[in-house]
Amino acid sequence: MSEVGERLAAGAQAEGFPDLLYSDAERALADALRSLLGDRAAPATVLARTESAQTYDDGLWQALAADLGLAGLLIPERDGGAGASYREAAAAAETLGSFAAPVPYLGSAVVATAALLAAGAPVRGGLGPPPQAAPSAQPAQPAEPAGSSPRASTEAADLLRKMADGGVTVALAVPFATQPAPRGPAFPATVRLAGPRHGDTDSGVSRLRGTVTGVADALPAGLLLVPADGVPECLYLVDMAADGVSKAPLASLDMTRQLCDLWFDDAPGTLVASGQAAKRAVTAALAAGAAILAAEQVGLAQRCLDMTVSYARERRQFARPIGSFQALKHRMADLWVEIALARAAARYAAACLSSGDPDAPVAVAMAKAYCSQVAVHAAQECVQLHGGIGFTWEHPAHLYLKRAKADSLALGTPDAHRAALAGLVNLPGP
Amino acid sequence: MLKPEQVRERVRAFLAEHDPAAASRQDFLNARFDAGLAWVHYPEGLGGLGASRALQAVADAEFDAADAPGIDPDRNPIGRGMAAPTILAYGSDEQQRRWLRGIWTGEEVWCQLFSEPGAGSDLAALATRAASDGESWVVTGQKVWTSQAHLARWGLLLARTDPGVEKHAGLTYFACDMTAPGVEVRPLRQLTGEAEFNEVFLTEARIPDSDRIGPVGEGWKVANATLMSERVNIANARSGPRESGMIGPVAAAWRARPELRTPGLHDRLLALWTEAEVARLAGEMLRQQLAAGKPGPEGSAAKLVFARLNQEISAYEMELAAADGLRYDDWTMRRPERSSFFGRSPSFRYLRARGNSIEGGTSEILRNIIAERVLGLPSEPRQDKGVPWKDLPR
């Protein structure tokens, strides 16, 4: 910290450029996480989990929550969390990505948490009837700085407190492929309000009807945040166990983060946010998700390179280690370079989200566009440079390949994020 | 460690004693160096205060605020970027006192006499011979790709002092007086039409033993210090605000001329813009690492990336320019003092960028370095191991 302070004091960071280096706290968190995952998320364990009935490892998630506070990393301390910023959240994600750990960190501790933090703040008077108009028409911010966000409403704070220790897991019910606004939908709702049932008005319950397909991290979730169409648009909290809610797991490309479809058939929901606040919550959630997913992609890419390098040093053909052939080592060197760039992009995005930097939308779009490609490239090279063994089911390379490709499509494809940049940095199309 | 305020106070005290308006520029810069306010991270007595590198900006800002004459940042890039760190690491006390001040002020320009027609990527195979006659060395050979040689007072020379041992072991590092008899500099015209570089012919040029840098036979080790600074410099030199690199004129042309836009060019522009900006962020991260005193190996990566990006962006710019891309601004043979991509036509940028993946270590050699030194991959089997240089097939 003192280093950073000294550099800032010295004006070495031109124009207040965000600090991209890992802090001691971030490094310590990543080390502790790596050690825990090394014991509990070895490749064979992760592979076996993808073939089991419960593809998410709830025991591991509880351990991460209890031992390292991962479930409540972004939740303010006053609400029972660690009060960390997106920088620490990204450092944790990088390590989780390097293990393809089957836990709902991204969905619950990042996306749903960001939604609640952004939603709770502007709703005046708790979760009561929605205000007719948005409190202000300010442009959507990807996220409020976690440390300095205004206090969440009582209900949101209660929920965050339950999430902080991993006791409750929450998912945002939107397709995993959804890109954040402005390029993505302003409000990705496929569920609408249905007519009230007797007694609903007294109990403050609304009825939701509709389907959401391909949702990530909803399988292990106890609660769902459901965007619903209407005037105004609203974000509801729905209990997964309630009557009228059903889910069906999908055969997903990436079974380390298995998707599911959700059905709502007059399912009861309580209002979390409406109008601009609801839109802001969903946009903030998806932007945070894209930024943190980029960090996961960096960790995954680094793991693929590490595996490939260690294999290329051991594996002998033509009486020499295959890693001595320039045709192969140059490909690994290129990957190392790409990962160094991807890391800078992901660090910048996390730093911008942490400080509420106005460049955050550009930073997130760049990070997701670039890191997606690097992770896919690294995973593909991992398979190729392992040769035959890399094409087998027993070798973990395919877990990374599938996760990398799935992640590149999630929360906006690289192309979609570059299209977003076209608008953000004034490079309009023909 | 000094604090920013202490550096500020020292500059103010210095300025109180040395009126910038009263002294000649050179005298003022000499005095600034002697006061340790030149490169503050250098040791005391050698132009520095032994302070953190980050405090340089503090000192510079104070001098700028006082309208004091400063050094020309574009002058003597090889001296400041390569000779100085090498001399600091391997030069004798006397050599450091003799050369560092002139390097920093720019009074004495330096060049680098490394590459030869027969020794490019395989630099350690170089053939320029330095034979001792007791007190001095007699040097004969040919060097190539020597930028600034026609302006230089000194050259960083790597020469073979013992042909009878393995190639890396027979090299010694010298400072070569470029005004000495037997040193001839000729321009080397490159494919852009101009001559940024030179060939240097050494014909029985004499170098006193006191101008040897480092021990006899340890030239390779010293040269590696020079080469690492070169790559760090090449990487560092390219980072400014967003769109300050080669993507800048391309983005400007795109905004100014809607009639050039096509869907295909748009996709490629966005991909290049993203990569250029991500590379800029990586450069910033590298600089932060350096400022924190933790230099990483990412410097080699930066040079690779900027070479490729410059090539791709300039090639793209030619396509965007369409008919204008068929023109070239000027084929006149010139010897520019400094090379710049800007102020020239897109076709110049396209041609000049081809050199980016060759100069200062080819991209192929850089990949070897990353693969072997960073990733720890084994080297290719080699035929020159354990063979005296004189017995190598050539």
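Source: prediction; values computed, not measured.

Rules behind the numbers
Residues numbered from 1 in each chain as written. Chains lettered and ligands numbered in written order. Predicted model: local features only at pLDDT ≥ 70, side-chain atom pairs only at ≥ 80, totals over all residues. Heavy atoms only, no water. Disulfide = S-S within 2.5 Å. Buried < 20%, exposed > 50% of the residue type's maximum accessible area, 1.4 Å probe, protein only. Helix = DSSP H or I, 4+ residues; strand = E, 2+ residues; numbered from the N terminus. Core = buried A, V, L, I, M, F, W, Y, C linked by side-chain atoms within 4.5 Å. Contact = heavy atoms within 4.5 Å. Expected span 1.5 Å × (residues − 1). Buried area = accessible area lost by both parts, 1.4 Å probe. Salt bridge = Lys/Arg side-chain N within 4 Å of Asp/Glu carboxyl O. Nonpolar A, V, L, I, M, F, W, Y, C, P; charged D, E, K, R; others polar. Axes fitted to C-alpha atoms, helices over the stretch in contact; angles between N-to-C directions. Parallel < 35°, antiparallel > 145°, perpendicular 65-115°, else oblique. Left-handed = near helix turned anticlockwise from the far one by under 90°. Polar contact = N/O pair within 3.5 Å; in protein donor to acceptor, adjacent residues only side chain to side chain. Pairing = 2+ DSSP bridges.

1. Section: the state of the cysteines
Scanning all chains against the criterion turns up zero disulfides over all chains. Distance from the sulfur of Cys304 of chain A, which forms no disulfide, to the nearest cysteine sulfur (Cys382 of chain A) is 4.5 Å. For Cys304 of chain A, a relative accessible area of 0% corresponds to the buried category. For Cys111 of chain B, which is in no disulfide, the shortest distance to another cysteine sulfur is to Cys176 of chain B and amounts to 7.7 Å.

2. Here we look at unusual backbone geometry
Cis rather than trans, the peptide bond between Ala181 of chain A and Pro182 of chain A has omega equal to 10°. Here Pro182 of chain A is to be found in the loop between strand S1 (170–172) and strand S2 (191–194). Cis peptide bonds are those with omega within 30 degrees of zero, and the linkage from Val231 of chain A to Pro232 of chain A qualifies with -5°. Inspection of the secondary structure puts Pro232 of chain A in the loop between strand S4 (223–229) and strand S5 (234–239). Positive phi is not limited to glycine here, since Glu243 of chain B has a value of about 65°.

3. Some thoughts on the nonpolar core
Residues and elements named next belong to chain A. Residues Leu64, Leu70, Tyr105 and Leu225 are the most contacted members of the largest nonpolar core, which totals 164 residues. It is helix H9 (residues 275–314) that provides the largest number of residues to this core, a total of 22 residues. Ignoring any residue separated from it by four or fewer positions in sequence, one finds Leu225 in contact with Ala112, Ala115, Leu116, Val170, Ala171, Leu172, Ala173, Leu235, Tyr236, Leu237 and Val272.

4. Details of helix H10 (residues 326–355) of chain A
Since there are 3.6 residues in each turn of an α-helix, residues three or four apart along the chain are aligned in direction. All names here are of chain A. Relative to the 44 Å expected for 30 residues at 1.5 Å per residue, H10 spans 43 Å between its end C-alpha atoms, a close match to the ideal helical length. Counting buried residues along H10, 25 of its 30 residues qualify, which places the element largely inside the surrounding structure. After H10 finishes, the residue Gly356 shows a positive phi value of roughly 65°.

5. Describing the interface of chain B and chain A
Many structure descriptions define interface size as the accessible area lost when the parts assemble. Listed as interface residues are 53 residues of chain B and, on the opposing side, 53 residues of chain A. Between chain B and chain A the total buried area reaches about 4500 Å² when both faces are included, carbon and sulfur atoms providing 70% of it. A per-residue breakdown of the area chain B buries against chain A is headed by Met285, Gln288 and Leu375 of chain B, which together make up 14% of the total. Summed over the shared surface of chain B and chain A, the result is four salt bridges. When residues of the side of chain B that touches chain A are traced back to their parent elements, those giving at least two are helix H1 (4–17), helix H3 (56–65), helix H7 (247–256), helix H8 (263–291), helix H9 (298–321) and helix H11 (363–374) of chain B. Ranked by residue count, the leading element in the side of chain B that touches chain A is H8 of chain B, at 19 residues. Split into classes, the residues belonging to the side of chain B that touches chain A amount to 30 nonpolar, nine polar and 14 charged.

6. Side note on the packing of helix H6 (residues 105–120) of chain A against helix H7 (residues 154–164) of chain A
Residue and element names in this part refer to chain A. Where H6 meets H7, the closest approach of the two axes is 10 Å, and the angle between their N-to-C directions is 160°. Considered as vectors, H6 and H7 are oriented roughly antiparallel to each other. In this structure, H6 crosses over H7, and the sense of that crossing is left-handed. Along the contact surface, H6 presents Ser108, Ala112, Thr113, Leu116, Leu117 and Gly120, while H7 presents Ala156, Leu159, Leu160 and Met163. Here the contact of H6 with H7 is built from residues that sort into seven nonpolar, three polar and no charged.

7. Remarks on the environment of Ser347 of chain B
All names here are of chain B. Take Ser347: it is sitting in helix H10 (residues 346–353). On a C-alpha basis, the gap between Ser347 and Gln289 in space is 36 Å, while along the polypeptide they are 58 residues apart. Among all residues touching Ser347, those that are not within four sequence positions of it are Met318, Gly325, Arg327 and Tyr328. Within the structure, the side chain of Ser347 is placed 2.6 Å from the backbone oxygen of Arg327, a separation counted as a polar contact.

8. Some remarks on the pairing of strand S3 (residues 206–215) of chain A
Residues and elements named next belong to chain A. Where S2 meets S3, four bridges bridge the pair, whose relative direction is antiparallel. Paired with Arg192 across the bridge in S3 is Arg209. The sheet contact formed by S3 and strand S7 (residues 260–274) spans eight bridges and is antiparallel. By the bridge assignment, Arg209 is partnered in S7 with Asp265.

Just distances and angles here, no functional claims.
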